[in-house]
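Residue-level structure breakdown
Next come the chains, spelled out residue by residue.
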Amino acid sequence: MAIRRICKYGEKILEKKTRKVNQKELKKDLPDLLKDMFETLDAVGGVGLAANQIGLDLCLAVIKIKKEDEEALRIVLVNPELAEKSGSMTEEEGCLSFPGLFARVKRFSKVKVRALNEKGLPIEINAEGLFSKALQHELDHLEGVVFIDRLPFLTRMKLKPLLIKLKRQWRKMDESKMKEI
Ligand code: CO
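Summarised in this report is the structure supplied together with it.

Rules and cut-offs
Residues numbered from 1 in each chain as written. Predicted model: local features only at pLDDT ≥ 70, side-chain atom pairs only at ≥ 80, totals over all residues. Heavy atoms only, no water. Donors = N, O, S within 2.8 Å, 3.2 Å for Na, K, Ca; no water. Helix = DSSP H or I, 4+ residues; strand = E, 2+ residues; numbered from the N terminus. Buried < 20%, exposed > 50% of the residue type's maximum accessible area, 1.4 Å probe, protein only. Patch = residues over 30% accessible without salt bridge, like charges linked within 9 Å, V, L, I, M, F, W, Y side chains within 5 Å. Areas by Shrake-Rupley, 256 points an atom, 1.4 Å probe, with all protein chains shown as cover. Salt bridge = Lys/Arg side-chain N within 4 Å of Asp/Glu carboxyl O. 1 Å grid on protein atoms, 1.4 Å probe; cavity = no way out; pocket = protein on both sides within 12 Å on 5 of 7 lines; lining within 4 Å. Points joined across faces, edges and corners; volume = space filled by probe spheres on them. Nonpolar A, V, L, I, M, F, W, Y, C, P; charged D, E, K, R; others polar.

1. Quick word on the coordination of the cobalt ion
Within the protein, the atoms that donate to the cobalt ion are Cys-95 (SG), His-137 (NE2) and His-141 (NE2), at distances of 2.0 to 2.2 Å. All donors to the cobalt ion come from one chain, and their sequence spacing reads C-x41-H-x3-H. Taken together, the residues Cys-95 in the loop between strand 4 (89-93) and strand 5 (103-107) and His-137 in helix 3 (residues 129-142) connect sequence positions 42 residues apart. By relative accessible area, which is 10% here, Cys-95 ends up buried.

2. Comments concerning a nonpolar patch on the surface
Where nonpolar side chains cluster on the molecular surface, the patch consists of Phe-153, Leu-154 and Met-157 and spans about 330 Å² of accessible area. If you trace the backbone, Leu-154 turns up in helix 4 (residues 153-170). Note on Leu-154: relative accessible area 62%, which makes it exposed.

3. Side note on the pattern of salt bridges
This structure, assessed with the given rule, holds 19 salt bridges. One salt bridge in this structure joins Arg-107 and Glu-93, with 2.8 Å as the shortest N-O distance. Within this pair, whereas Arg-107 is found in strand 5, its partner Glu-93 is found in strand 4, the two being separated by 14 residues in sequence. For Glu-93, a relative accessible area of 4% puts it in the buried group. Counted as one network, the salt bridges with shared partners bring together Glu-84, Lys-112, Arg-114 and Glu-124.

4. Details of the layout of surface pockets
The volume enclosed by the largest pocket comes to roughly 440 Å³. As for the largest pocket, its lining consists of 25 residues, and the residues nearest its centre are Gly-46, Val-47, Gly-94, Cys-95 and Leu-96. With six residues, the top contributor of residues to the lining of the largest pocket is helix 3. Of the residues assigned to the lining of the largest pocket, the class counts are 12 nonpolar, eight polar and five charged. Of the pockets and cavities examined, the second largest pocket occupies roughly 280 Å³. Around the second largest pocket sit 14 residues that line it, and Leu-82, Gln-136, Leu-139, Asp-140 and Arg-150 are the ones nearest its centre. Mapped by element, the contributors of at least two residues to the lining of the second largest pocket are strand 3 (73-86), strand 5 and helix 3.

See the structure below:
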């Protein structure tokens, strides 16, 4: 198992729609890859991670949701699709590919997502609140969309100086060199 380096904003792979995962890949490489993705998520304390954030062109993401006093729920999304959506909410979001940047993003408040799980079996998830937000954020990643793309033009312009400053720091960041926990 290994912590993987997380791609930062500006790296091209984050802007590209990912390739669908096939059954063969699922059986062969997925178990080890998922271990690494969850380990990376644990190490950096994130909620979700998409495969293209660790440099892999695969339509695959993981989410770790923790409700108070309960053990964290670990969800694997292979080839996920947004099946239903309703309502709206605007809440603060961050992203492991934008360390230190936060912004309020408008999202659907409720979603239904269909995907395959780690065994290749179809799953359906109904979510609201934080979980709904996390699902939409990760599905966006897999389409090559990052959260700042969802911001109004003027907000994006206002964030630009901070983005330029942060980008300089991101060049020195490599999560794979973090100590395992
Ligand atoms: Co993200």
